[in-house]
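So you can see what is in the structure, the chains are spelled out below.
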Amino acid sequence: MMLSTPAVAMAEDQAVPLLQLKDLHIRFESPEHTIHAVSGISLSLDRGESLAIVGESGSGKTVATQSILGLLPQPPAVVQGEVLLDGTDLLLLDSEKLRKVRGSRIAVVFQDPMTSLNPVLDIARQMTEAARTHLGFSKRQATNRAADLLARVGIPDPKRRLSDHPHQFSGGQRQRICIAMALMCDPELLIADEPTTALDVTIQAQIMELVTNLKTDLDVAIMWITHDLGVAANLVERISVMYGGRIVESGKTSQVFSRPQHPYTAGLLASLPGVSRGRRLKAIPGHPLDARVVLDGCDFEPRCSLRTSKCIYERPELESTGDGAVACFESARIEEVT
């Protein structure tokens, strides 16, 4: 009995996802109105796995990830649900304990490197702070690690360039520095929030290749936030599509691209030049959901060509389809819009 107990405990540990969001709700309160940014999403991410959260601006994807990092001021934000890291609810941690998690176990790369980097401090100062704070590195140890990581992300002559300031680097190089900075403490999870949006197409491809290689080399879990399904195509293993603060479809990347099950996902794919296979590109009609409005039925119903009267009065829940999940009453008719 004593010999079997550790094995059982190990099996249980392996079964716990690295990250879980459970019935996460986020709203912003003001005297004029309430904004429902996230409405009951649930997802999980295993160690070493990659997941993209895809959706239009205002779909709630960035707000959801900010709740993981504890970056939402409360109030005006009201956050309900669970954000579990290795089974520990981050929403219940005080600010000091959360700071120990942020930057050490979970790191983030934001959209604009110029707002992530302090323009008046050299790169060495900005990169070494986390390692000295979280890992107790000496100045020399932290500097050597910073130089090694700059070399890993493709910055030439890294030791010399540690003394440079952000304005002395190109946009693509600044984003590489932000990625290196995020990796300083060997995080288990790297959140990349639209990190290629401000870059040109060629540099975007280089950054995505870099992140893919780092995931393989370092076995870090990746959560990639983007409005562009095309960006996620060759980058992640799984995709969750958000609309109106809810996940409307999720599944393996190959399955979502080859057999979308939600009309919103199909609409996103039909608007991508590389996926439309020579057909005329299509736009999704209408406008994104107003986050101040709560509909009785499906949030996508006003823009959906498959809608029925049921969609107006009843909300579809996210249900398993065997190889993924979809929130749609009419998913069996998806070929009509693909």
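Preceding block: the structure.
Residues numbered from 1 in each chain as written. Predicted model: local features only at pLDDT ≥ 70, side-chain atom pairs only at ≥ 80, totals over all residues. Heavy atoms only, no water.

## Details of the packing of aromatic side chains
Part 1 of the reasoning: Scanning the entire structure with this criterion turns up 3 aromatic pairs.
Part 2 of the reasoning: Judged by centre distance (4.7 Å) and plane angle (55 degrees), the rings of Tyr243 and Tyr264 are tilted. Note that Tyr243 is positioned in strand S9 (residues 238-243) and Tyr264 in helix H12 (residues 263-270), a separation of 21 residues in sequence.
Part 3 of the reasoning: Overall, the relative accessible area of 3% leaves Tyr243 in the buried class.
Part 4 of the reasoning: The buried category is assigned to Tyr264, whose relative accessible area is 0%.
Part 5 of the reasoning: Ring geometry for Tyr243 versus Phe300: centroids 5.2 Å apart, planes at 85 degrees, classification edge-to-face. Of this pair, Tyr243 sits in strand S9 while Phe300 sits in the loop between H12 and helix H13 (309-313), and the two are 57 residues apart along the sequence.
Part 6 of the reasoning: Over the aromatic face of Phe169 sits the side chain of Arg161, whose NZ or CZ is 4.0 Å from the ring centroid.
Part 7 of the reasoning: Sitting over the ring of Phe329, Lys310 keeps its end group 4.3 Å from the ring centre. (Phe/Tyr/Trp six-rings, centres within 6.5 Å; stacked < 30°, edge-to-face > 60°. Helix = DSSP H or I, 4+ residues; strand = E, 2+ residues; numbered from the N terminus. Buried < 20%, exposed > 50% of the residue type's maximum accessible area, 1.4 Å probe, protein only. Lys NZ or Arg CZ within 6 Å of the ring centre and 35° of its normal.)

## Considerations on the environment of Phe110
Part 1 of the reasoning: With respect to the element layout, Phe110 can be found in the loop between strand S6 (106-109) and helix H4 (113-116).
Part 2 of the reasoning: Through-space distance from the C-alpha of Phe110 to that of Glu194 is 6.7 Å; in sequence the pair is 84 residues apart.

## Looking at the nonpolar core
Part 1 of the reasoning: Among the nonpolar cores identified, the biggest contains 59 residues, and Met127, Ile179, Trp224 and Ile239 are the most heavily contacted of them.
Part 2 of the reasoning: In contact with Trp224, other than residues within four places in its own chain, are Leu51, Ala52, Ile53, Ala192, Pro195, Thr196, Met208, Val211, Val231, Leu235 and Val236.
Part 3 of the reasoning: Ranked by size, the runner-up nonpolar core spans 32 residues in total, among them Leu19, Leu24, Val83 and Leu189. (Core = buried A, V, L, I, M, F, W, Y, C linked by side-chain atoms within 4.5 Å. Contact = heavy atoms within 4.5 Å.)

## Looking at helix H6 (residues 139-152)
Along an α-helix, residues three or four apart share an orientation, since each turn contains 3.6 residues.
Part 1 of the reasoning: Taking 1.5 Å of rise per residue, the 14 residues of H6 would be expected to cover 20 Å, and the 20 Å separating its terminal C-alpha atoms lies within 8% of that figure.
Part 2 of the reasoning: For H6, every residue scored as buried is listed here: Ala142, Ala146, Ala147, Leu149 and Leu150. What you see down the axis of H6 is that its buried residues fit within an arc of 165 degrees, all on one side. Turned more than 90 degrees away from the buried face of H6 sit Arg140 and Asp148, all of them exposed.
Part 3 of the reasoning: Contacts made by the buried residues of H6 are with helix H5 (123-134), helix H7 (158-161) and helix H8 (171-182). (Expected span 1.5 Å × (residues − 1). Arc of directions from axis to C-beta.)

## Some details on the sheet that holds strand S7 (residues 189-193)
Part 1 of the reasoning: The strand order S6-S7-S8-S3-S9-S10-S12-S11 describes an open sheet built from 8 strands, whose pairing is mixed. Because the sheet does not close on itself, it has two edges, and the strands there are S6 and strand S11 (319-320).
Part 2 of the reasoning: Bridge analysis of S9 against strand S10 (residues 246-252) gives 6 bridges, and the strand direction is antiparallel. Paired with Val241 across the two strands is Glu249, which belongs to S10.
Part 3 of the reasoning: Against the sheet, helix H2 (residues 61-69) contacts strand S3 (50-54), S6, S7, strand S8 (221-226) and S9, and its axis sits at roughly 145 degrees relative to S8.
Part 4 of the reasoning: In the packing of H8 onto the sheet, contacts are made with S6 and S7, and the angle to S6 comes to roughly 175 degrees. (Pairing = 2+ DSSP bridges. Axes fitted to C-alpha atoms, helices over the stretch in contact; angles between N-to-C directions.)

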